[in-house]
Amino acid sequence: MEYSLLKFKEPKRRTDRKILHIDMDAFYASVEIRENEKLRHLPVIIGPDPRENGGHGVVATASYVARQYGVHSAMSAEEALRKCPEGIFIRPNFERYRQISHQIHDIFKEYTSVIQPLALDEAYLDVTHNRINEKSAIKIGRQIQYEIYDKLQLTSSVGVSYNKFLAKVASDYHKPAGFTVITPDQAEIFLLDLPIEAFIGVGTKTKEKMVELEIKTGRDLLAWTQVELAATFGKFGRTLYKRVRGIDDRPVVTHHVRKSLGKEKTYIHEMKTDKEILGQLQKMSQDVYASLKKDGLHGKTVVLKYRYRNFDTYTRRKTCFEYIASDSELFLHVMNLWREFGDVTRGVRLLGVTISTLDPIYYENIPLDLHM
Amino acid sequence: MKFSVNRLVFLDKLRTVQLAISSKTTIPILTGVKIEVSQEGIKLTGSNADISIEAFLETTDDAAQLVIEETGSLVLQPARFFADIVNKLPDETFSFATQDSFQAIIKSATSSFKIHGIDADNYPYLPDMDEHLAFKLPVQLLKQVIQQTVHSVSPHETRPILTGVKFDIGGGKLKAVSTDSHRLSQRQVSVAEIDHVEYSVVIPGTSLNELVKILDDELEEVSVIVVENQILFMTEDTYLYSRLLEGNYPKTDQLIPTETNTQITLNIAALRGAVERASLLSHAGKNNIVTLNVAEGILRLTGQSSEVGSVVEDIPYISMTGDPIEISFNPDYLKQALQTFVGNDVTIEFISSLRPFIVLPAAAANRVDFVQLITPIRTR
C-alpha cells in the first residue's frame, strides 16, 4: 500500500495458530428445553410474554422450531407473538444460564487456558498449545463438542481454523450441531463465495453500501485495493482488505477487561416523586457497589441514566479524582447528578446507575488517618 | 487622569497584578486591571475571589520616569489585552490619558491607541487592614518554608481544607504542615520576630505559589497582617491579600512516625536520578508505582509497565541499617519531596511495607523540624 511517500508491504498471512470458535445452539432456549422435555418440539421463545406485561421487552433467544416462524433474537416480543401466536414465552433465567456457561467453560479449561468468552454462549479457544498435547485442532474441536453434549445434553456448533475471523465464520457456516473446518489452503477459496453479510462487522448499514457498490461476495471484495476500501469504509475498509485475504492476527484475549459495571431497570408505572426515584437509586447504588466489590474492582466515573415518559433518555456522568470507596459515596454522586439534571415532573420510567473507568484493586495508595 | 511612564517598569508591575487576574471569572470586571493615579504615584490592582494583588509605582522611583499630570482612576478590561499593548509599544516610555466616558488614550512615539475602559467605581474594594497588627517575617526563610511544604497540598476540592498549608505562627516559631492524605510535609523554623504573636491559619496553596513569585530574593522582610478570614502580605511596593481557608485542619503530629526499623542515608542526586529513570516506566503504566527493595546490602529500585518493559536501579548509599524491606510507592511523591532538601544527603526511615516512611535531612536532630512523609501503595 502507498500512503503519500511511504510504501507499506502487503500484509502477511499467519497460519501457525489453531483457533476454535464454539457457539452454543439457541443456548437459552436449549437449556429450557433440556429442563422441560415437553417443550422439545414446541416454538420456545425466551423473553417476556407480551400478553402479560402489556407488550414490553425483546426476544433473547428463540428455539429452532420458533425460528421456523421467523422469530429471532432482538425482535420485539410483540412482533414475535404476531409471527408465532402459539409461541411459548419463557422469562430468561440468566442466573441458570450463567451457571451452565461455567460448566461449559470447565470443559474448555481441560483443553486450554487461552479462552476468550464473547457471551455466555460463545467463546474463542486458542489450542495451538493445549493441555492434552494434541496436534490436531480438529480432534480437539470434536472432543469438546462431544463432551459438551455428553455431560450437558446441549448441542454446539464448532468452527476450526487458523484465526478468529475464520473460526467464527466456520461455526456460523453450519448450524445447529455443525462442525466446519477451514484450513489455510481452503481459506481463500472459501472466502471467495462467502456472502458479504457473513463478513463479521458488516451490518445492515454497511451492507446497503456494499449492495450499491455491487459487492455481494468475497470475490467482489477481493477486487478492491486497500486504498479504495479505506477511502470508502474507513478503518473497517482496511480490516476487510485483510479479512478477505484470510488475515486476522488478533490474539485470543484471555482476560476480558471490564470497562464498566451497572444496573438499570424499567418501571411499568412511571415514578413521579423524588422520594421514589432516590429510593430506587439508593438501592441500585448498593447493588452496583456490591457487584463491583465482588469482582475486585473500583471505579472513578459515575453514570446516571434516566428515561422520561415520552422516552427521552439521558445519561449524565461525573468523574471523581479518587476511586469511589463506598456505596453511600456512590449514591451521593448519583443523587447529586439527579438533583442537578433530573426533572421529576416529566415522569421517570427507567433508571440506571453505572460505574466506569474501572481498575482492579491490585493497588491501593494507603491514606493517612486524617481526623477533622 | 494623565501620566507618562517607563514602559518596562510599568509592564513589570502590570505582570505582577496579573498573577491575581483570572480570565475564567464569573464577575466580568475582575478580568480587568484597576489603575489609580494619585500625586504619589500609580497603584495597580488585580483580583480574583481568592487573591488580590496591589502593586505601587512611586514618583520618587527614578527608573520609572513617572510624570503625573492629572490624578484619577480607570479599569481596563481584560488586563491581558492592556499588557499585550504595553508590551508592544515602540518607545521606551508611553503616556496614558483618559478622555470622556472612560476612554484611555495610550501613546508611544508614533503609536496611539484608544481603549474603552470602565468606571473604577464599579471595581470591588479590598478590605481595610489595621497596620498596627502587622508582624514581620524574613523573606528568604518564608519562601523556603513555603517551597518545602506547598507541593503536598491537595489539588482536589473534595476536602477544601487540605488545599491549603496550615501555618502556626507564634512563640518564636513558624510551623507549616500540608497533606493531601497520601503524603505530608512539615517544616518548623525559629523566627525571633514572632515571639509576641499567635496565629493558626490555613492559606490556600495557590495563594502561596503566587506569593513566592512576588517575594523578591533581595527583600529582607515581609509584613503580615491576619484578620478574621484574610491574610495580607506587604512589601514596599506590593501587597498580596489572600482568603484563608475555613474549617478545622486535621491533627497531624501523631502521623509522623517516632520509630524506625530500617534506615538508609544516601546522596539526594543519586536517589533522584534513579527515581526519575524508574518513573519513565511507571508513568507509562496504568498504576504509577515503583518498588524499593532493601536487602543484603543492596538498595534496589524497580519500575515496570506491562506495555513498555521494566527497569532496575541499584542505588549507591552512604549507610544502611536495620531490617530488609520491600515497599511500593508513587515515585512522583518521592521526587517532589527530594526537591525540597537543600543539603547533599537525606536519611529515609521505614517501619514496614504498609506504614508511611519519612525522608529527613541527613543527620537531622529530630523528626519535627523538617519531614517529608509518604504513604506506601498496597499491592496484591
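Residues numbered from 1 in each chain as written. Chains lettered and ligands numbered in written order. Predicted model: local features only at pLDDT ≥ 70, side-chain atom pairs only at ≥ 80, totals over all residues. Heavy atoms only, no water.

Re the overall build of chain B
Here comes step 1: Counting its regular elements, chain B contains 6 helices and 27 strands.
Here comes step 2: Considering chain B as a whole, with its 380 residues, one finds that 52% of them fall into the buried category.
Here comes step 3: Once local pairs closer than 6 in sequence are excluded, the contacts in chain B between residues at least 24 apart make up 66%.
Here comes step 4: Carbon and sulfur atoms provide 46% of the accessible area of chain B, an area that totals close to 17800 Å². (Helix = DSSP H or I, 4+ residues; strand = E, 2+ residues; numbered from the N terminus. Buried < 20%, exposed > 50% of the residue type's maximum accessible area, 1.4 Å probe, protein only. Contact = heavy atoms within 4.5 Å. Areas by Shrake-Rupley, 256 points an atom, 1.4 Å probe, with all protein chains shown as cover.)

Topic: the layout of surface pockets
Here comes step 1: Approximately 1400 Å³ is the volume found for the second largest pocket.
Here comes step 2: If you go around the second largest pocket, you meet 44 residues; those closest to its centre are Phe-321, Glu-322, Tyr-323 and Asn-365 of chain A together with His-182 of chain B.
Here comes step 3: Those elements giving two or more residues to the lining of the second largest pocket turn out to be helix H13 (274–294), strand S12 (297–308), strand S13 (313–319), helix H14 (327–341), strand S14 (348–360) and strand S15 (363–365) of chain A.
Here comes step 4: Class assignment for the residues of the lining of the second largest pocket results in 20 nonpolar, 12 polar and 12 charged. (1 Å grid on protein atoms, 1.4 Å probe; cavity = no way out; pocket = protein on both sides within 12 Å on 5 of 7 lines; lining within 4 Å. Points joined across faces, edges and corners; volume = space filled by probe spheres on them. Nonpolar A, V, L, I, M, F, W, Y, C, P; charged D, E, K, R; others polar.)

Examining helix H4 (residues 205–214) of chain B
Each full turn of the α-helix corresponds to 3.6 residues, which orients residues three or four apart in the same direction.
Here comes step 1: Of all 10 residues making up H4 of chain B, 7 are buried, and the element is well covered by its neighbours.
Here comes step 2: Among the residues making up H4 of chain B, those that are buried are Gly-205, Ser-207, Leu-208, Glu-210, Leu-211, Val-212 and Ile-214 of chain B.

Structural notes on the sheet that holds strand S5 (residues 61–62) of chain A
All names here are of chain A.
Here comes step 1: Read from one edge of the open sheet, 3 strands run S5-S4-S6, paired in mixed fashion. For this open sheet the edge positions go to S5 and strand S6 (88–90), each flanked by a neighbour on one side alone.
Here comes step 2: Of the strands in this sheet, strand S4 (44–46), S5 and S6 are in contact with helix H1 (residues 27–35), which crosses S4 at around 125°. (Pairing = 2+ DSSP bridges. Axes fitted to C-alpha atoms, helices over the stretch in contact; angles between N-to-C directions.)

Some words on empty space enclosed by the protein
Any empty space left between atoms is shown by rolling a water-sized probe over those atoms.
Residue and element names in this part refer to chain B.
Here comes step 1: Tallied over the full model, the rule gives 3 cavities of 30 Å³ or more.
Here comes step 2: Within this model, the largest cavity holds a volume of roughly 40 Å³.
Here comes step 3: Along the walls of the largest cavity sit Leu-137, Leu-142, Ile-146, Phe-167, Ile-169, Ile-203, Leu-208, Val-224, Ile-231 and Phe-233, which together make up its complete lining.
Here comes step 4: Mapped onto the lining of the largest cavity, the elements with two or more residues apiece are helix H3 (139–149), strand S11 (164–170) and strand S16 (230–234).
Here comes step 5: Here the lining of the largest cavity is composed, by residue class, of 10 nonpolar, no polar and no charged.

Observations regarding the interface of chain A and chain B
Here comes step 1: At the interface, 16 residues of chain A touch 27 residues of chain B.
Here comes step 2: Note on chain A versus chain B: buried area summed over both sides is about 2000 Å², and carbon and sulfur give 59% of it.
Here comes step 3: Where chain A packs against chain B, one counts 0 salt bridges.
Here comes step 4: Summed over the shared surface of chain A and chain B, the number is 4 residue pairs in polar contact (both at pLDDT 80 or more).
Here comes step 5: Elements that contribute at least two residues to the side of chain A that touches chain B include exactly S14 and S15 of chain A.
Here comes step 6: Per-element tally for the side of chain A that touches chain B: the top contributor is S15 of chain A, with 3 residues. (Buried area = accessible area lost by both parts, 1.4 Å probe. Salt bridge = Lys/Arg side-chain N within 4 Å of Asp/Glu carboxyl O. Polar contact = N/O pair within 3.5 Å; in protein donor to acceptor, adjacent residues only side chain to side chain.)

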